[in-house]
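Here are the chains, one letter per residue:
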Amino acid sequence: MKIAVVGGTGLIGSRVVEKLNASGHEAVPHAQSTGIDVISGRGLDEAVTGAGVIVNLTNSPTFDAASSDFFRTSMENLLVAGREGGAGHFVVLSIVGVDRVPELDYYRAKVLQEEILAAGQIPYSIVRATQFMEFIDAVLSWTTEGDTVRLPATPIQPIAAEEVADAVAEVAVGAPLNGVRNVAGPEVFALDELGRITLAHRPDGRSVVTDPGAGMFAAVRGDVLTDEDARLAPTRYADWLART
């Protein structure tokens, strides 16, 4: 099967390409570095023509209100190119609980992406994943002031990027879900606790202070970013930390 992986050079995309090719498919990575532009549409027709499946792993360059324009334009351009190119399955990666955090611009933008996909003419699948373990360091940096990291106690359920890629690759070669599959890590942590665990393993002089109003995750209410009924990946955070 020929599969066009748009955003195929990034953290998840490069892994998806590798896994699909290792299993005997022809997965081709596409990105700005390979000559495509999902906003202008440059190169999209050539990229997706003849591909039975399109996997869209592109991401907005910002997390603010401008992200809606990115996801709207990129999805519309890819759906047109995919329909004209004969694609029979369109896969996107989204976020567990994304439709339950309307306070965040970026989450509203991802919901818009899902809605555009579902309203399109190509059978589709949405893989929603919990927060990536690989992003925890970035989350800590967002609210660092000197030697203090301020974090809310928001429940999250971190998953390794490798296992997100496993889920995307599996869905890509299966029948379209015309719906959503949730995947998550095996453990739930309060974000401030996870910050302390991370800094205990990688001490750099910073310490975590619990602050309910700090950072993007302060807008999240309750445990909407977790799902213990999701397909649970096996890697625990401590084991992932030990390997990195």
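Residues numbered from 1 in each chain as written. Predicted model: local features only at pLDDT ≥ 70, side-chain atom pairs only at ≥ 80, totals over all residues. Heavy atoms only, no water.

A. Local environment of the pairing of strand S2 (residues 26–30). Pairing geometry for strand S1 (residues 2–6) and S2, over five bridges, is parallel. Looking at the pairing, Ala4 lines up with Val28 of S2. Following the backbone out of S1, through helix H1 (residues 13–22) and into the adjacent parallel S2, one traces a crossover that is right-handed. (Pairing = 2+ DSSP bridges. Helix = DSSP H or I, 4+ residues; strand = E, 2+ residues; numbered from the N terminus. Right-handed = clockwise from strand over helix to strand, strands pointing away.)

B. Summary view of the sheet that holds strand S7 (residues 148–151). Spatial strand order, S6-S7-S11: three strands in an open sheet with mixed pairing. Each edge of the open sheet is held by one strand with a lone partner, namely strand S6 (144–145) and strand S11 (207–210). Here four bridges tie S7 to S11, and the two strands are oriented parallel to one another. The residue bridging Arg150 from the neighbouring strand is Val209, located in S11.

C. Structural context of empty space enclosed by the protein. Enumeration according to the criterion identifies one cavity of 30 Å³ or more in this entry. One number sums up the size of the largest cavity: a volume of about 40 Å³. Around the largest cavity, the lining residues are Val139, Trp142, Thr143, Leu151, Pro152, Leu191, Ala214, Gly215, Met216 and Phe217. By residue class, the composition of the lining of the largest cavity is eight nonpolar, two polar and no charged. (1 Å grid on protein atoms, 1.4 Å probe; cavity = no way out; pocket = protein on both sides within 12 Å on 5 of 7 lines; lining within 4 Å. Points joined across faces, edges and corners; volume = space filled by probe spheres on them. Nonpolar A, V, L, I, M, F, W, Y, C, P; charged D, E, K, R; others polar.)

D. Examining helix H7 (residues 191–201) more closely. Listed in full, the buried residues belonging to H7 are Leu191, Asp192, Leu194, Gly195, Thr198 and Leu199. Each buried residue of H7 sits inside an arc of 155° when the element is viewed along its axis, so together they form one side. Buried residues along H7 sit against helix H5 (136–142), S7, strand S8 (155–156), strand S10 (189–190), S11 and helix H8 (237–243). (Buried < 20%, exposed > 50% of the residue type's maximum accessible area, 1.4 Å probe, protein only. Arc of directions from axis to C-beta. Contact = heavy atoms within 4.5 Å.)

E. Fine view of the sheet that holds strand S9 (residues 180–184). Spatial ordering of the open sheet is given by S2-S1-S3-S4-S5-S9-S12, a layout of seven strands whose pairing is parallel. The open sheet has two free edges, formed respectively by S2 and strand S12 (231–232), since each of these has just one partner strand. Helix H6 (residues 161–172) contacts strand S3 (53–56), strand S4 (89–95), strand S5 (124–129), S9 and S12 of the sheet and is inclined by roughly 155° relative to S4. (Axes fitted to C-alpha atoms, helices over the stretch in contact; angles between N-to-C directions.)

F. Focus on the layout of surface pockets. Quantified by volume, the largest pocket comes out at close to 840 Å³. For the largest pocket, the lining is made up of 41 residues, of which Leu57, Thr58, Asn59, Tyr106 and Phe135 are closest to its centre. Contributing elements (two or more residues each) for the lining of the largest pocket: S4, helix H4 (105–119) and H5. Looking at the lining of the largest pocket, the element that brings in the most residues is H5, giving four residues. Each residue belonging to the lining of the largest pocket can be placed in one class, and the counts come to 26 nonpolar, 13 polar and two charged.

G. Representation of the packing of aromatic side chains in the model. Here the structure, examined in full by the defined rule, presents eight aromatic pairs. Both rings, one in Phe189 and one in Tyr237, keep their centres 6.1 Å apart while their planes meet at 65°; by these two values the pair is edge-to-face. Remark: Tyr237 occurs in helix H8 and Phe189 occurs in strand S10; sequence separation between them is 48 residues. A residue is classified by how much of its surface remains accessible, and Tyr237, at 1% relative accessible area, is buried. (Phe/Tyr/Trp six-rings, centres within 6.5 Å; stacked < 30°, edge-to-face > 60°.)

H. Expanded view of the nonpolar core. Formed by 52 residues in total, the largest nonpolar core has its most connected members in Phe90, Tyr107, Leu117 and Tyr237. The greatest single-element share of this core, amounting to seven residues, is contributed by H4. If we skip the residues at most four places from it in the chain, Phe90 touches Ile54, Asn56, Met75, Leu78, Leu79, Leu117, Ile122, Pro123, Tyr124 and Ser125. Ranked by size, the runner-up nonpolar core spans 26 residues in total, among them Ile12, Val55, Ala129 and Ala161. (Core = buried A, V, L, I, M, F, W, Y, C linked by side-chain atoms within 4.5 Å.)

I. Local environment of the packing of helix H3 (residues 66–85) against H4. Across the interface, H3 lies against H4 with an axial gap of 8 Å and an inter-helix angle of 20°. With respect to their mutual orientation, H3 and H4 come out roughly parallel. Crossing hand, H3 versus H4: right-handed. Residues Ser67, Ser68, Phe71, Arg72, Met75, Glu76 and Leu79 of H3 lie in contact with H4, whose contacting residues are Asp105, Tyr106, Ala109, Lys110, Leu112, Gln113, Ile116 and Leu117. Taken together, the residues that form the contact of H3 with H4 break down as eight nonpolar, three polar and four charged. (Parallel < 35°, antiparallel > 145°, perpendicular 65-115°, else oblique. Left-handed = near helix turned anticlockwise from the far one by under 90°.)

So yeah, pure geometry; function would need other evidence.
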